[in-house]
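The lines below spell out each chain.
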Amino acid sequence: MVLIGATGGAVENVSAELLAVGLYKGEAPEGLGDAASEVVSSGDFAGKLGDTSLLYGQEQAPRLLLVGLGERESFDLERLRRASATAARRARALKLREAALALPQEAEARETARAAAEGAILGLYRFDRHKSGAESHELETFWLVSGEHDLEQAIEGTDVGQKVASGAVLARDLANEPSNVATPAYLAEKAREVCQRHGMQVTVLDRAGLQEEGLTGLSTVGRSASNEPRFIVLEHRKGGDAAPIVLVGKAVTFDSGGISIKPSSGLEDMKFDMSGGAAVLGAMEALGALDLALNVVALVPATENLPGGDAYKPGDVLKLHSGKTVEIVTTDAEGRLILADALSYARRYEPAAVIDCATLTGACHVALGDHASGLMGNDEGLISEVRAAGEAAGERAWHLPLFEEYTEQIKGDVADIKNSGGRYGGALTAGAFLKEFADYPWAHLDIAGTAYGKKDNAYTPKGATGVPTRLLVEFLLGRAS
Ligand code: BES
Ligand code: MN
Ligand code: ZN
């Protein structure tokens, strides 16, 4: 991972192979030399978000990179993350070892440094460990330049930004791994590593353990898989006797649909069906690095969903961990079964709040596109808090309703409930299903549309995005302060 440094003072005192400076739309640069003035006055560089212009022979640095920030009035930390990623990527493409970015003065240095650090690290992210001829050049250090007086703040922000980003990087790495690597046992191993690094407790239940605990949803979905299911529990206990926050992440390492098998087109993307679990592990990594004074428990039900002679079938009735019975309409609605078990398992912690995240429904992707996760829950205060955390993190979540009628839609014919409410309102009937198992303040994030992408964005290469790792960390930071 690129090292992020902070330095204070005038930009002309920074010696870097490349100095990036943000410019707002329609504004003339000040003190950056004649070429910078000309490239703007000529209209060649308009300062639009994402625009860049690379200038040589300036006195500030051997290379001066102007990076558009868009309209000054619209400036926010998300724009800075993107601009920072653009600068860092350009420096790497030029095969430089070091580059610097002048932090804009429009917000507190602690916040700008944090955002710029996140943007650079996440923008430089590549998943190439399976490529033999992988591009090997890495940018070694990315300097963030603050004013002399707020260097202390910039250093703090840089540190937080690196720790938050390290969590998102772990989440991306886990989610990008193919299902033949990222098996439930592999995720358990990675969870152990997180716990070892940060002094957390870890418990891993295997097939026998699941049966003993009565985690029937998870053991049933995982019954036909030769890569055995795991139930992974991580505990960060740094909050005295305060009620814990519980994070739950769906980790279906490959979702074929099971007996209700999915069409083959795009099926390879179902390796990403463990993105919720990956994000929860990523959030625990960041939490441990930040060493927040909180009690946080992470629950990751991990399994494959495959057809087989021993597979569960449509029409089957299961008695889940909570004691409720479920009629299986489709074996492709497996996520809610394993989450239901985790949600009722969470009761033993008498949690202050529970947030689950899951690539749960194609319907949520249809409803919100790629740009927001679906947010549901049973507590208005918690929902607002999660929504605000997503906004601050640049990982948006949008509140969707859980009207009683959605619960009506999943009433069972021969059991208490059924695992599908049909096509209409698919994200909401899935949410209504989970609601049956949450008797504490609870929020649910459907990340089917946001956890991975088909195209490269400013600081998110195609593939796993790490969403909602940074949202979860932001939420925890809020609870810790
Ligand atoms: N993992 C899928 C949801 C999904 C679909 C995530 C596409 C990302 C992209 C989930 O297990 C599933 O199959 N959901 C079904 C539910 C339905 C059968 C009630 C769906 O969305 O079609
Ligand atoms: Mn499915
Ligand atoms: Zn699934």
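In short, a report on the structure. (Residues numbered from 1 in each chain as written. Chains lettered and ligands numbered in written order. Predicted model: local features only at pLDDT ≥ 70, side-chain atom pairs only at ≥ 80, totals over all residues. Heavy atoms only, no water.)

Some words on the overall build of the protein
Of the regular secondary structure elements, the protein holds 14 helices and 20 strands. Rg of the C-alpha trace for the protein: 24 Å, near the compact-globule value of 23 Å for 481 residues, within the 12% margin. For the protein, the spread of C-alpha atoms along the three principal axes comes to 80 × 50 × 45 Å. By the burial criterion, 57% of the 481 residues in the protein qualify as buried. (Helix = DSSP H or I, 4+ residues; strand = E, 2+ residues; numbered from the N terminus. Rg over C-alpha atoms; globule rule 2.2 N^0.38 Å. Buried < 20%, exposed > 50% of the residue type's maximum accessible area, 1.4 Å probe, protein only.)

Observations regarding the coordination of the zinc ion (ligand 3)
Protein coordination at the zinc ion (ligand 3): the donors are Lys-250 (NZ), Asp-255 (OD), Asp-273 (OD) and Glu-334 (OE), at 2.0 to 2.4 Å from the metal. In this structure, the zinc ion (ligand 3) is coordinated by six donor atoms arranged in octahedral fashion, with angles at the metal of 78 to 174°. In primary sequence terms, the donor set of the zinc ion (ligand 3) follows K-x4-D-x17-D-x60-E. Distance-wise, the manganese ion (ligand 2) is placed 3.2 Å from the zinc ion (ligand 3), both being coordinated by Asp-255. Of this pair, Asp-255 sits in strand 10 (residues 251-255) while Glu-334 sits in the loop between strand 13 (325-327) and helix 9 (335-345), and the two are 79 residues apart along the sequence. Both residues of the pair, Asp-255 and Glu-334, count as buried. (Donors = N, O, S within 2.8 Å, 3.2 Å for Na, K, Ca; no water. Tetrahedral: all angles 85-135°; square planar, octahedral: opposite > 155°, others 65-115°.)

Description of the coordination of the manganese ion (ligand 2)
Taken together, the protein donors to the manganese ion (ligand 2) comprise Asp-255 (OD), Asp-332 (O), Asp-332 (OD) and Glu-334 (OE), at separations of 2.0 to 2.3 Å. Around the manganese ion (ligand 2), the six donor atoms sit at angles spanning 70 to 168°, and that spread fits a shape best called irregular. Between the donor residues of the manganese ion (ligand 2), the gaps in sequence give the motif D-x76-D-x1-E. For Asp-255, a relative accessible area of 3% corresponds to the buried category. Take Glu-334: its relative accessible area is 0%, and that puts it in the buried class.

Notes on the pairing of strand 11 (residues 295-305)
With eleven of its eleven residues buried, strand 11 lies for the most part within the structure. A two-sided burial pattern is seen for strand 11, the buried positions comprising Asn-295, Val-297, Leu-299, Pro-301, Thr-303 and Asn-305 on one face and Val-296, Ala-298, Val-300, Ala-302 and Glu-304 on the other. Note: strand 8 (residues 230-237) against strand 11, eight bridges, orientation antiparallel. Within strand 11, the position partnered with Phe-231 by the bridge is Pro-301. (Pairing = 2+ DSSP bridges.)

Thoughts on the site of ligand 1
Not every one of the 16 residues close to ligand 1 is listed here, only the nearest: Asp-255, Asp-273, Asp-332, Glu-334 and Gly-362. Within the contact set of ligand 1, an oxygen atom lies 3.2 Å away from a side-chain nitrogen or oxygen of Lys-250. At a separation of 2.9 Å, an oxygen atom of ligand 1 approaches a polar side-chain atom of Lys-262. Considered class by class, the residues forming the shell around ligand 1 number four nonpolar, five polar and seven charged. (Near = heavy atom within 4 Å. Polar contact = N/O pair within 3.5 Å; in protein donor to acceptor, adjacent residues only side chain to side chain. Nonpolar A, V, L, I, M, F, W, Y, C, P; charged D, E, K, R; others polar.)

Concerning the pattern of salt bridges
Inspection of the entire model under this criterion finds 34 salt bridges. In this structure, Arg-470 engages Glu-118 in a salt bridge whose closest nitrogen and oxygen atoms are separated by 3.0 Å. Of the two residues, Arg-470 is situated in helix 14 (residues 469-480) and Glu-118 in helix 3 (residues 109-124); the sequence distance between them amounts to 352 residues. Of the residues examined, Arg-470 reaches a relative accessible area of 3% and is grouped as buried. The salt bridge partner of Arg-479 is Glu-385, with a shortest N-O separation of 2.7 Å. A residue pair is termed long-range when its members are at least 10 positions apart, and Arg-479 in helix 14 and Glu-385 in helix 11 (residues 380-393) qualify at 94 residues. Three or more residues are tied together by salt bridges with common partners; here these are Glu-78, Arg-81, Arg-82, Arg-114, Glu-118, Glu-395, Arg-470 and Glu-474. (Salt bridge = Lys/Arg side-chain N within 4 Å of Asp/Glu carboxyl O.)

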